[in-house]
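Overview (structure and organization)
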Amino acid sequence: MTTIGQVAAAGANGPLAGGGWVLWAGGAWAVFLAAHLALNGRWWFWLLPSLLPPPVFVALPALLLVAAGATGDVTAAVVAGAALLLGARQSGLVPGALVRGRRRPPPAPDGAVRVVSWDTQHWCQSTDPEPFYAFLRGLDADVYLLQEYHHDEFDGTYRLIDDERRLRETFPGHRAVIARGLITLSRLPVVATVETAARRTLRVDLEMPGDGRILATFNVHIPVQLRLISPLRADFYRAVRTRAADREREYRGLLADVAGCPHPALIAGDFNTTAAIGDARRIARLGSDAVALSGRLCPTSWQARPGLRWWRLDWVLTTPGARVHRYRFRDPRGLSDHSVQEVSVSLAEPDHRARTDLRIRHHDGLRHHDGLRRHDGFRHHDEGTHHALPLPGKDRPAGQ
């Protein structure tokens, strides 16, 4: 007769107790990873699983690999090792940053300018304006690319605001262009604002110090993937599907805008995209990622709540002719859930073609913006891209 003790002893020597659970866990993760690699960026629903913190894609298989080594399960070790290698690109880790971080950066050349990009989290809607504006002023940047110059209505729309007087008082030496809930502030001369196919992007061309060459700045805010409503409601999934289409249109437009830009360009902002989201492939086509200069193995810029800064949603990219010399993330001091991106930028070589093309653009009706453009402070715009407002003083191009 089999006793309870014999059953327990048999269980203690069974495959799960001996490490078989590692193989099961590794197999389950491998199935998820295979689905992720196949569906990410190709099926709207996969925007939800891809919201996992990117470090999970290396941390979990690494733990399983250690467990497999401890239990002597060779098959589990092979599965975990393969998952670790395949998931590394989804992790957002930047090994090259460790090498660059140990080097002392060379001094920025003459003519380099300091640019900051920051998602302000609805422009001090829930914070005191005094420390907010003091913080902005204290960044002392030549160029500010600021997102979310609006207030959240918490129903899928934003209300545009008008803080023109305060901006003029705080930044008397800067020119400002405001559109689409975005602000570009610049000490440099504003040569032109350029209409874009991307409806959540503000392009402002600036005259760099020295020989007057042009740097095109793209201030970007890609729509967020979801609404903060119950996932038990059908509206939650309808919003994800709609926003997946909005994001695709925005990236497609931005790729066309950057490809058609005749000047060296700096593309920066809140992309609401991590390395684990399929849209990261589109970001890689826009330009060179400057993040390796940050010196961080695992760069992060957004926190779901204090202490949970596991995601990098903010990016700085450059096209040929524009060079980033320094890049760092700055603590927002509780004023936003996004870190500030700060870079030092210069131009590499003269671009004589830029001046010719600039004259053509001015004849096409593109205007200088020497000050802030007024707008109706009570207008609303949708979180997607199809309802984004045109640039101030511009006619919407055909087909938009």
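In case you missed it, the structure is sitting above this.
Here's what I pulled together on the structure shown here.

Thresholds, definitions, all that
- Residues numbered from 1 in each chain as written.
- Predicted model: local features only at pLDDT ≥ 70, side-chain atom pairs only at ≥ 80, totals over all residues.
- Heavy atoms only, no water.
- Helix = DSSP H or I, 4+ residues; strand = E, 2+ residues; numbered from the N terminus.
- Buried < 20%, exposed > 50% of the residue type's maximum accessible area, 1.4 Å probe, protein only.
- Contact = heavy atoms within 4.5 Å.
- Areas by Shrake-Rupley, 256 points an atom, 1.4 Å probe, with all protein chains shown as cover.
- Right-handed = clockwise from strand over helix to strand, strands pointing away.
- Polar contact = N/O pair within 3.5 Å; in protein donor to acceptor, adjacent residues only side chain to side chain.
- Pairing = 2+ DSSP bridges.
- Axes fitted to C-alpha atoms, helices over the stretch in contact; angles between N-to-C directions.

**Considering the overall build of the protein chain**
A count of helices and strands for the protein chain gives 11 helices and 15 strands. Expressed as a percentage of the 400 residues in the protein chain, the buried residues total 51%. Long-range contacts, defined here as pairs at least 24 residues apart, represent 72% of the contacts in the protein chain between residues at least 6 apart. Of the roughly 18,900 Å² that the protein chain leaves accessible, carbon and sulfur atoms contribute 57%.

**Digging into the pairing of strand β10 (residues 265-270)**
Judged by how many residues are buried, β10 sits mostly within the fold: six of six residues are covered. Taken together, strand β9 (residues 214-221), helix α9 (residues 234-259) and β10 form a β-α-β motif whose crossover is right-handed.

**Re the side chain of Asn219**
If you trace the backbone, Asn219 turns up in strand β9. Asn219 sits in the buried class, given a relative accessible area of 0%. Within polar-contact distance, the side chain of Asn219 engages the backbone oxygen of Leu146 at 3.3 Å. In this structure the side chain of Asn219 is engaged in a polar contact, spanning 2.9 Å, whose partner is the backbone oxygen of Ile183. Aside from chain neighbours lying at most four places away, what touches Asn219 is Leu145, Leu146, Gln147, Leu182, Ile183, Thr184, Arg200, Thr201, Leu202 and Ala268.

**Overview of unusual backbone geometry**
Positioned with a positive phi, Trp123 is a non-glycine residue whose angle comes to about 50 degrees. Position of Trp123 relative to the elements: it lies in helix α6 (residues 121-124).

**Description of the sheet that holds strand β14 (residues 340-347)**
Taken together, the six strands give an open sheet; going across it, the order is β5-β6-β2-β1-β14-β13, and neighbouring strands pair in mixed fashion. One side of each edge strand has no neighbouring strand; the edge strands of this open sheet are β5 (175-179) and β13 (322-330). Looking at each pair of strands side by side, their axes are set apart by 15 degrees on average, direction ignored. With eight bridges joining them, β13 and β14 adopt antiparallel strand pairing. Considered in β14, the bridge of Arg330 is made with Val340. Packing against the sheet, helix α7 (residues 129-139) makes contact with β1 (113-119), β2 (143-147), β13 and β14, and its axis sits at approximately 150 degrees to β1.

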